[in-house]
Amino acid sequence: MKSKKFLSVIMCFALIACMLPYASLSAFADDEIHTSTDGSWKYRIIDDQTAEIYNNDEPAYVGSDVNITVPDTIDGYEVVGLGDFALYSLSDIQTVSIGANLTSLGITVLAMTTALESITVDEDNKNFSSIDGVLFNKEKTELICYPANKSGETYTIPYGVENIGRDAFIFSMNLKNVVFSDTVEYIGTEAFAACSSLEEITLPNKIGVLEPYMFYMCSSLTDVILPNTLEIIGELAFGECTSLTEITIPSSVTYIDENAFTDSGLTTIKGYWDTEAEHFANNKGYEFISLDILGDIDYDGSVTIADYAVIKTHLTDDNLKFMKVADYNTDGAIDAFDLFYIDLAVNQQDA
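Only a predicted model underlies this, so the values are computations on that prediction, with no experimental measurement involved. In this convention, every chain numbers its residues from 1, walking through the sequence in written order. Residues qualify for local features only when their pLDDT is at least 70, as the model is predicted, and side-chain atom pairs are given and counted only at 80 or more; totals for whole chains, interfaces and linings, by contrast, use all residues. To get the side-chain values, take all heavy atoms of the structure and skip hydrogens and water.

Engineer: Quick question: what am I supposed to make of the overall build of the protein chain here?
Structural biologist: Scanning the protein chain from terminus to terminus reveals five helices and 24 strands. When a residue's accessible area, from a 1.4 Å probe over protein chains only, is under 20% of the maximum for its type it is buried; when over 50% it is exposed; and in between it is partly exposed. Taken over 351 residues, the protein chain has a buried fraction of 48%. Once local pairs closer than 6 in sequence are excluded, the contacts in the protein chain between residues at least 24 apart make up 37%. A total of about 16500 Å² of accessible surface is found on the protein chain, and carbon and sulfur atoms cover 50% of it. Secondary structure follows DSSP: runs of H or I at least 4 residues long count as helices, runs of E at least 2 residues long count as strands, and numbering of each begins at the N terminus. In what follows, a contact means two residues having at least one pair of non-hydrogen atoms within 4.5 Å. Using a 1.4 Å probe, the Shrake-Rupley method yields the accessible areas, and only the shown protein chains count as cover for residues.

Written as structure tokens, this is what we have:
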């Protein structure tokens, strides 16, 4: 039932994507859909007399092989593109080989090819490459597709990869952990959706946004570490993560979509006072556990003379940012008594 629901979600995204400007060969193709003479492929002819393998409301491959090779030519036309959803939902395909001529890939080309174990690319291809069966751009700065049925419980993103593409790991059933290199800066929509075995994730330090549906339906996910650079948690980013009961949200987060954790197992949010984490927890009825250290105004993990100086500066201000954490003696007011006790504590540490 969940798979059907998620399928409809993917198709919704596809419809929206098709309504937006997108660099696709389809924009230059004729309206006629052809079937190759061998009966295996559907394609369009592009204005420059090349061809794009094309999904016309059903997968573009209609042959019976489980190990397929994207042809370099089709009925005399050079094949230069795989259109949007071209090999989508081909549940029997085990391997895909890409030749030297391919120059473009549409969106969600290989999503839900749940038996897919490996993708290989001709070394002479100038736009794409593969490492250990995983599809990348030629420069290996973008991971495009991790085969859904690739063996192995842990995968390490190669150093130098900057972007994880949309749907890159979707429905990867064997992965329990993904290790990111420090070079990763962006992870696309639905990138890890429906990875049912994924148990833990530590996101890299350059990530600023969790795109919608990023970990949707990751039903085994229990441990998530978010970076201090994160600012936005998008719609259903952790939706239906039924094993996720607790998460720590850094103070850098300024926006959490109201449905970010819908139908998950979340009960507890850890974070800092007067941040989006506390506000979201209170609004949604989650237990909030503060990670603040009373008196630690500069959030360096300890109470020092520097904290004393900041509180003294703001003692006559109505600066709500410091209200809770500055109330060192927890009497509900920020006053000279807090300064006295902080000074006492600092002197005791130095003694």
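The structure having been displayed, the exposition proceeds.
Engineer: What should I look at first to understand the pairing of strand S4 (residues 67–70) in this one?
Structural biologist: Burial along S4 is one-sided: the face carrying Ile68 and Val70 is buried and the face carrying Asn67 and Thr69 is not. Summarising the sheet, S4 and strand S7 (residues 95–98) pair through four bridges and their orientation is parallel. Each residue of the ladder has a partner; that of threonine 69, found in S7, is serine 97. In this scheme, strands are said to pair when DSSP sees at least two bridges between them.

Engineer: Teacher, can you tell me more about the sheet that holds strand S9 (residues 118–121) here?
Structural biologist: Each strand in a sheet pairs with another by means of backbone hydrogen bonds, the pair being arranged parallel or else antiparallel. Pairing in this open sheet of three strands is parallel, and the strands run S4-S7-S9 from one edge to the other. Edge positions in the open sheet fall to S4 and S9, since each of these has one partner strand only. With direction set aside, neighbouring strand axes in the sheet form an average angle of 15 degrees. Working convention: axes come from line fits to C-alpha atoms, limited for helices to the stretch in contact. Angles between N-to-C directions cover 0 to 180 degrees.

Engineer: Can you help me understand the pattern of salt bridges in this one?
Structural biologist: Side chains that differ in sign of charge can pair as their charged atoms come close. A pair is scored as a salt bridge if a Lys or Arg side-chain nitrogen falls within 4 Å of a carboxyl oxygen belonging to Asp or Glu. Under the counting rule described, the total for this entry stands at six salt bridges. The salt bridge involving aspartate 132 is made with lysine 150; its shortest N-O contact spans 3.2 Å. Taken as a pair, aspartate 132 in the loop between strand S10 (128–131) and strand S11 (134–137) and lysine 150 in the loop between strand S12 (142–145) and strand S13 (154–156) lie far apart in primary sequence, 18 residues in all. Assessed through its relative accessible area of 60%, aspartate 132 is described here as exposed. The shortest N-O distance in the salt bridge between lysine 176 and glutamate 153 comes to 3.6 Å.

Engineer: Even after reading the chapter, I still don't get unusual backbone geometry, so can you show me in this structure?
Structural biologist: Peptide bonds are mostly trans, and most non-glycine residues show a negative phi. Here glutamate 190, not a glycine, exhibits a phi torsion of approximately 60 degrees, which is positive. In this fold, glutamate 190 is placed in the loop between strand S16 (186–187) and strand S17 (200–202). Despite not being glycine, tyrosine 213 shows a phi value in the positive range, around 60 degrees. With respect to the helices, strands and loops of the structure, tyrosine 213 is situated in the loop between strand S18 (209–210) and strand S19 (223–225).

Engineer: Help me out: how do you make sense of the nonpolar core in this one?
Structural biologist: For soluble globular proteins, nonpolar side chains are generally found buried alongside one another. Buried Ala, Val, Leu, Ile, Met, Phe, Trp, Tyr and Cys residues form a nonpolar core when they are joined through side-chain atoms within 4.5 Å. Leu143, Ile164, Phe169, Phe215, Ile233 and Phe238 are the most contacted members of the largest nonpolar core, which has 48 residues in total. Counting residues per element, the ones that place at least two in this core are S11 and helix H2 (276–284). In terms of residue count, H2 provides more of this core than any other element does, three residues in total. If sequence neighbours within four positions are ignored, phenylalanine 215 has contacts with Phe192, Ala193, Leu198, Ile201, Leu203, Leu221, Ala237, Phe238, Gly239 and Cys241. If you look at the next biggest cluster of nonpolar residues, it comprises 28 residues, including Tyr43, Leu87, Val109 and Phe128.

Engineer: So what exactly am I meant to see when it comes to the side chain of aspartate 307 here?
Structural biologist: Its place among the elements puts aspartate 307 in helix H3 (residues 305–313). In terms of polar contacts, aspartate 307 uses its side chain to reach the backbone amide nitrogen of threonine 304, at 2.8 Å. By the criterion applied in these results, polar contacts are pairs of N or O atoms within 3.5 Å in which, for protein atoms, one can donate a hydrogen and the other can accept it, and in which residues neighboring in sequence qualify only through two side-chain atoms.

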